[in-house]
Amino acid sequence: AGYEKQLFTEVMNFNNGALSSRLRRRFALPDFDDAELLQLLRSQLRTRPNYHVRDDKYLRIATRRLGKGRGSLGFGNARAVQADLELAFERQTARVVAERKAGASPDIFALERDDLLGE
């Protein structure tokens, strides 16, 4: 889940290795591939039923960008998707507010390219 080496060195060696001698099995959970990250991203979006993406290709691009973090310290599949999506919603809110101040009537549930990918 992204922390195997850190977990092993910091937790399992606690108390001179006493914990690791009690835990005989280790589970290594591989990072998701891009297709799985995309599925997770879509699943997270469905939890907000009124929101929609203008063009699905932006989700695929965002997923490929997320996937570049695979294998790095601190990368967590669901956490990375959730953080990216929260940032997209923050950008979307700022964009909608700016458009309303400019006199436009934006779709408040639409996620645009810049919302998902940044400028």
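Cut-offs used in this document
- Residues numbered from 1 in each chain as written.
- Predicted model: local features only at pLDDT ≥ 70, side-chain atom pairs only at ≥ 80, totals over all residues.
- Heavy atoms only, no water.
- Axes fitted to C-alpha atoms, helices over the stretch in contact; angles between N-to-C directions.
- Helix = DSSP H or I, 4+ residues; strand = E, 2+ residues; numbered from the N terminus.
- Parallel < 35°, antiparallel > 145°, perpendicular 65-115°, else oblique.
- Left-handed = near helix turned anticlockwise from the far one by under 90°.
- Contact = heavy atoms within 4.5 Å.
- Nonpolar A, V, L, I, M, F, W, Y, C, P; charged D, E, K, R; others polar.
- Core = buried A, V, L, I, M, F, W, Y, C linked by side-chain atoms within 4.5 Å.
- Buried < 20%, exposed > 50% of the residue type's maximum accessible area, 1.4 Å probe, protein only.
- Salt bridge = Lys/Arg side-chain N within 4 Å of Asp/Glu carboxyl O.
- Polar contact = N/O pair within 3.5 Å; in protein donor to acceptor, adjacent residues only side chain to side chain.
- Expected span 1.5 Å × (residues − 1).

K.L.:
Which residues make up the packing of helix α3 (residues 34–46) against helix α4 (residues 56–67), and what values go with them?
P.N.:
Two numbers describe how α3 lies on α4: the axes approach to 9 Å, and their chain directions differ by 125 degrees. By the angle between their directions, the pair α3 and α4 is classed as oblique. As for how α3 packs across α4, the hand of that crossing is right-handed. Packed against α3, whose contacting residues are Asp-34, Leu-37, Leu-38, Leu-41, Arg-42 and Leu-45, the element α4 presents Asp-56, Leu-59, Arg-60, Thr-63, Arg-64, Leu-66 and Gly-67 at the interface. For the contact of α3 with α4, the class distribution of residues is 6 nonpolar, 2 polar and 5 charged.

K.L.:
Explain the nonpolar core residue by residue, including any values.
P.N.:
In this structure, Leu-45, Val-53, Leu-59, Val-81, Leu-111 and Leu-116 are the most contacted members of the largest nonpolar core, which totals 19 residues. Elements supplying a minimum of two residues to this core: α3, α4, α5 (77–101) and α6 (113–117). Filtering out sequence-adjacent residues up to four positions away, Leu-59 remains in contact with Leu-38, Leu-41, Arg-42, Leu-45, Val-53 and Leu-116.

K.L.:
Could you give me a rundown of the pattern of salt bridges, with the residues and numbers involved?
P.N.:
Where charged atoms from two side chains of opposite charge approach closely, those side chains can pair. Taken as a whole and judged by the stated rule, the model has 8 salt bridges. Ionic pairing is found between Arg-95 and Glu-99, a salt bridge with its closest N-O pair at 3.3 Å. Highlighted residues: Arg-95 and Glu-99, both in helix α5, separated by 4 residues, approximately one helical turn. Connected through salt bridges with shared partners, the residues Arg-42, Asp-56 and Arg-60 form a single ionic network.

K.L.:
Give a detailed account of the environment of Thr-47, specifying residues and quantitative values.
P.N.:
Along the chain, Thr-47 falls in the loop between α3 and β1 (52–53). A polar contact of 2.5 Å, which involves the side chain of Thr-47, links it to the backbone oxygen of Gln-44.

K.L.:
Could you give an account of the packing of α3 against α5, naming the residues involved and the relevant values?
P.N.:
Relative orientation of the contacting elements α3 and α5 amounts to 50 degrees, with a least axis distance of 10 Å. Judged on the interaxial angle alone, α5 and α3 are oblique. Here the hand of the crossing between α3 and α5 comes out right-handed. Note on element contacts: α5 touches α3 through Asn-77, Ala-78, Val-81, Leu-85 and Phe-89, opposite Leu-37, Leu-40, Leu-41, Gln-44 and Leu-45. Broken down by class, the residue content of the contact of α3 with α5 amounts to 8 nonpolar, 2 polar and no charged.

K.L.:
Tell me about the side chain of Asp-115, and please be specific about residues and values.
P.N.:
Relative to the helices and strands, Asp-115 resides in helix α6. Judged by relative accessible area, Asp-115 falls into the buried class, the value being 1%. Once residues within four sequence positions are removed from consideration, Asp-115 is found in contact with Leu-87, Ala-88, Arg-91, Gln-92, Arg-95 and Ala-110.

K.L.:
Tell me about α5, residues and numbers included.
P.N.:
With 25 residues, α5 should cover 36 Å at 1.5 Å per step; its first-to-last C-alpha distance of 37 Å lies within 8% of that length. The positive-phi residue at the C-terminal boundary of α5 is Gly-103, with phi of around 95 degrees.

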